[in-house]
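Below, each chain spelled out in residue letters.
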Amino acid sequence: MAQLGRLHTSLMLALHPNDLILGKSASPHHSSPSDELTYQWHDFWGAGHCVPSPAGDLSRKSRINVPRTVQSIAAAQGGTMYQFRLMLLLPALMPTPALALALPQSSALVSPPRSADTLNQTAMLVYQDKARVAALVRQASAALIARDRDIASRDAQIAVLQTEQARSNVRAVRERAARQAEIDRLTIENANAKLASTAELAARDADYARERSILLSTADRLLQTPEGARVLRLFNAGGRDNWQEAKAVLAQMQKLRTATDRRDGAVLYLQKRARGEETTDACIAEYEAVVANDPREHWDWVELTRLYSTAGRSSDAVRAAQQSLATSPDDRARSVALNEIGDVRLLAGDRPGALAAFEEGLTIARRLAERDPGSAQAQRDVWVSLNKVGDVRLLAGDRPGALAAFEDGLTIARRLAERDPGSAQAQRDVSVSLERVGDVRLLAGDRPGALAAFEEGLAIRRRLAERDPGSAQAQRDVSLSLERVGDVRLLAGDRPGALAAFEEGLAIRRRLAERDPGSAQAQRDVWVSLWRLASMDAQGVRWQDVVDQLDDIERRGLLLPSDAHFLVEARALAAAAQTPR
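Here is what the cut-offs are and how they apply
Residues numbered from 1 in each chain as written. Predicted model: local features only at pLDDT ≥ 70, side-chain atom pairs only at ≥ 80, totals over all residues. Heavy atoms only, no water. Helix = DSSP H or I, 4+ residues; strand = E, 2+ residues; numbered from the N terminus. Buried < 20%, exposed > 50% of the residue type's maximum accessible area, 1.4 Å probe, protein only. Areas by Shrake-Rupley, 256 points an atom, 1.4 Å probe, with all protein chains shown as cover. Polar contact = N/O pair within 3.5 Å; in protein donor to acceptor, adjacent residues only side chain to side chain. Expected span 1.5 Å × (residues − 1). Contact = heavy atoms within 4.5 Å. Axes fitted to C-alpha atoms, helices over the stretch in contact; angles between N-to-C directions. Parallel < 35°, antiparallel > 145°, perpendicular 65-115°, else oblique. Left-handed = near helix turned anticlockwise from the far one by under 90°. Nonpolar A, V, L, I, M, F, W, Y, C, P; charged D, E, K, R; others polar. Salt bridge = Lys/Arg side-chain N within 4 Å of Asp/Glu carboxyl O.

Asker: Talk me through the overall build of the chain; I want residue IDs and the actual numbers.
Answerer: Across its full length, the chain holds 23 helices and 2 strands. The proportion of buried residues among the 581 residues of the chain is 54%. With an accessible surface of roughly 25,600 Å², the chain has 53% of that area assigned to carbon and sulfur atoms.

Asker: Lay out the environment of His565 in plain terms, naming residues and giving numbers.
Answerer: As for its position among the elements, His565 is in helix α23 (residues 564-578). Residue classification places His565 among the partly exposed residues on the basis of a relative accessible area of 43%. Within the local environment of His565, its side chain forms a polar contact with the backbone oxygen of Ser562, the two atoms lying 3.2 Å apart.

Asker: Break down helix α10 (residues 280-293) for me, with residues and values.
Answerer: Here α10 contains 14 residues, and its C-alpha end-to-end distance of 21 Å stays within 8% of the 20 Å for a straight helix at 1.5 Å per residue. Most of α10 is tucked away, with 10 of its 14 residues classed as buried. Structurally, α10 contributes buried residues whose contacts are with α9 (240-274) and α11 (298-310).

Asker: How would you summarise the packing of α11 against helix α12 (residues 314-326) if you had to cite specific residues and measurements?
Answerer: Taken N-terminus to C-terminus, the directions of α11 and α12 make an angle of 160 degrees; their axes are 8 Å apart at the nearest point. The pairing of α11 with α12 is recorded here as roughly antiparallel in orientation. The handedness of the crossing between α11 and α12 comes out as left-handed. Packed against α11, whose contacting residues are His298, Trp301, Val302, Leu304, Thr305, Tyr308 and Ser309, the element α12 presents Asp316, Ala317, Arg319, Ala320, Ala321, Gln323 and Ser324 at the interface. Per-class residue counts for the contact of α11 with α12 are 7 nonpolar, 5 polar and 2 charged.

Asker: I'd like a rundown of the pattern of salt bridges, residues and numbers included.
Answerer: As enumerated under the stated definition, the model contains 41 salt bridges in all. For Asp300, the salt bridge is made with Arg263, and the minimal N-O distance between the two is 2.7 Å. With Asp300 in helix α11 and Arg263 in helix α9, this pair connects stretches of sequence that are 37 residues apart. Pair check on accessibility: Asp300 and Arg263 agree, each one buried. Here Asp487 ties to Arg532 by a salt bridge, and the two come within 2.9 Å at their closest N and O atoms. Remark: Arg532 occurs in helix α21 (residues 520-535) and Asp487 occurs in helix α19 (residues 472-491); sequence separation between them is 45 residues. There is no split in this pair, since Asp487 and Arg532 are both buried. In this structure, a network of salt bridges that share partners links the residues Asp439, Glu483, Arg484, Asp487, Arg509 and Arg532.

Here it is, written out as structure tokens:
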């Protein structure tokens, strides 16, 4: 009995660091459940990301204001587009394949520009095309050649004005604004003239018509993102250095597209892992591929931190948690990152450091909740931080402080569950708070109060597991509640009741450990259940079974540093059990 009491005190909260995770924000097509909690929806993407739509294009399309003849030509061509590689635009000048960029089909012309520059970039790409020059030679039209001369004249005029603009720093603001307006007017006029000229040539030359259609589509797509617009400007500017820089930008855009694709896959891996159909190691591999291509996304690092912690990779978890803080785009993300840092510090045995991180995160969460009192997410964030602060206080022996935090959290959880009775997450949150309140009551000697809290939580968790029988998290939650109920029953002298609870929990945990052999958490749960049964001299469970489980975990590198002393103690107890009395 004394061994069980010591184990309960030592392990009670060690099971929790990964139980309470601040809800992740995700886009509607990027839902990602954490290892423990269901996430809330939120805009997942940061500004400036190059993120294709599910259909593969860059979604936004607009229409340029071009002569009706151009629109008629586009209609006559049926808007036919061909996938291509951008390096083919000027094959004689750009032999390198590094720029290869296949684009989906599109029937749209160029979008109406928001500035003279965007219109001009599109016009330049089409007008400077080598195929246009070849088509012009084939047609040998005096009118087209004359128009080219007019265009060249205006280009020269624009260049003179731009040079003058660059040297006019000491001139009046109004004068500079007037000049810029004239530059914009001429730029738009000339761009439209270029587009009209190429449209007329396209009407006479079918090969060039196809090339022009592809170029217009390319410009339209590139101008949808800052990176793409930069590539287009560098390409149009010409020169080897500009081309090298453009290729570097294109390579980065490709990495971002790769990260987006891998992120979609990683989300699906997490979904399968939550249902016990995928392993922690496989999910880690997916997220490592994501951050290798795009290390800027805060939530990717949050996910990786939690996965590393679950796998027992402490040093990797610390690094990922620090990255989640470094990439936090706002206060809420910073609060999440501080909780992640606190979790990994707690697993490493740094209680003061963990408490400091959790309390800083709680301060931020409270401020955000006061700013938006009607936000369920903001209230839940406070609940998460309260539980984390309470955990560390309890480990430090501050029972009153821990109980105050847990009861505040329970009040929030019940209020949110009443507001949304159909929410599985809200119901689970209540069960988590009941478990923590029960822990403090038990340590204070209030067995009836502890048993009432544990049994209420167990009833909630059984309902959730029945509602979603494929959820690994729901099944583990039931095993945790059974463990708590068994502890109190044993302390109250109800040995059969305790044995039944422990054996049911062990059966659940063995199934989960078999599904995810790389999860340090799942493997740990098994030896904790074996320990309880061995301490009761339960039939079929020996201390050597506990040693074997711990040895296997240690060989695979999954033994947490804070659990090393349990292996030493289990070996001593196994040796004592084999010694004849």
